[in-house]
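# Structure assessment
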Amino acid sequence: QVQLVESGGGLVQAGGSLRLSCAASGRTFSNYFMGWFRQAPGKERDFVAAVSWGGDNTYYADSVKGRFTISRDNAKNTVYLQMNSLTPEDTADYYCAGTSGAVRYGSQYEYDYWGQGTAVTVSA
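### Digging into the state of the cysteines
Taken as a whole and judged by the stated rule, the model has one disulfide. One disulfide bridge connects Cys22 with Cys96, the sulfur atoms lying 1.9 Å from each other. Since a negative S-S torsion denotes a left-handed disulfide, the Cys22-Cys96 link at about 45° is right-handed. Note that Cys22 is positioned in strand β3 (residues 18-26) and Cys96 in strand β9 (residues 92-99), a separation of 74 residues in sequence. On the accessibility criterion, Cys22 (0% relative accessible area) is buried. Using a relative accessible area of 0% as the deciding quantity, one classes Cys96 as buried.

Here is the structure:
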């Protein structure tokens, strides 16, 4: 089992920045491909970003490319999501997730472990 705990959400004005963190405990963190997803009220959970096991490769949804940066620190068992130039459309609950396999990293069904989520609200 891997336990994931997100932090860093909050209220920010449009154009502002936030950095989300996801701390992992349990099994060896570096064995897991990590992703961030988000779910806005009344909408499905969408892929945001993913990072490979060693952090060498990153993947982004088109909607956040150039604004968000995913990274990980395996020594700290933590994955981050730096979010810049936030807009009200980024308002959602953000979840980190982990999977030992990553064939379909953009699909929530690929991931075995999930955090409880952290809320991000961007005001206009």
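### Re the side chain of Thr78
Inspection of the secondary structure puts Thr78 in strand β8 (residues 78-83). Within the local environment of Thr78, its side chain forms a polar contact with the backbone oxygen of Lys76, the two atoms lying 2.8 Å apart. Leave out the neighbours within four places in its chain, and Thr78 touches Ser21, Cys22, Ala23, Phe29, Ser71, Arg72 and Asp73.

### Things to note about the packing of aromatic side chains
Where two aromatic rings form a pair, the distance of their centres and the angle of their planes describe that pair. If you walk through the whole model with that rule in mind, you get 10 aromatic pairs. Between Phe33 and Trp53 the ring centres are 5.2 Å apart and the planes differ by 70°, which places this aromatic pair in the edge-to-face class. With a gap of 20 residues between them, Phe33 in strand β4 (residues 33-39) and Trp53 in the loop between β5 (45-51) and β6 (58-60) connect regions that are remote in the sequence. Taking relative accessible area as the criterion, Trp53 reaches 36% and is therefore assigned partly exposed. Here the aromatic cluster, defined as three or more aromatic residues joined through ring pairs, consists of Phe33, Phe37, Phe47, Trp53, Tyr59, Tyr105, Tyr111 and Trp114.

### Quick look at the pattern of salt bridges
Counted under the stated rule, the structure contains four salt bridges. Among the ionic pairs, Asp62 bridges to Lys65, the shortest N-O distance being 3.2 Å. Glu110 is the partner of Arg104 in a salt bridge, and the nearest nitrogen-oxygen pair spans 3.6 Å. Residues participating in the shared-partner salt-bridge network are Arg38, Arg67 and Asp90.

Rules and cut-offs
- The numbers attached to residues start from 1 for each chain and follow its sequence in the written order.
- Only residues with pLDDT of at least 70 get local features here, since the model is predicted, and only at 80 or more are side-chain atom pairs given and counted; chain-wide, interface and lining totals rely on the full set of residues.
- The basis for every side-chain value is the complete set of non-hydrogen atoms in the structure, without hydrogens or water.
- Disulfide assignment relies on a single distance test, namely cysteine sulfur atoms paired within 2.5 Å.
- Numbering of helices and strands runs from the N terminus, with a helix taken as a DSSP run of H or I at least four residues long and a strand as a DSSP run of E at least two residues long.
- When accessible area is computed with a 1.4 Å probe and restricted to protein chains, residues below 20% of their type maximum are described as buried, those above 50% as exposed, and intermediate ones as partly exposed.
- Whenever two N or O atoms come within 3.5 Å, that pair is a polar contact, provided that in protein one can donate a hydrogen and the other can accept it, and provided that, for residues adjacent in sequence, both atoms are side-chain atoms.
- It only takes one pair of heavy atoms within 4.5 Å for two residues to be counted as in contact.
- Each Phe, Tyr or Trp ring, with Trp reduced to its six-membered ring, pairs with another whose centre is within 6.5 Å; inter-plane angles below 30 degrees give stacked pairs, above 60 give edge-to-face pairs, and intermediate values give tilted ones.
- Every case where a carboxyl oxygen of Asp or Glu lies within 4 Å of a side-chain nitrogen of Lys or Arg is listed as a salt bridge.

Treat this as a map of the structure, not an account of what it does.
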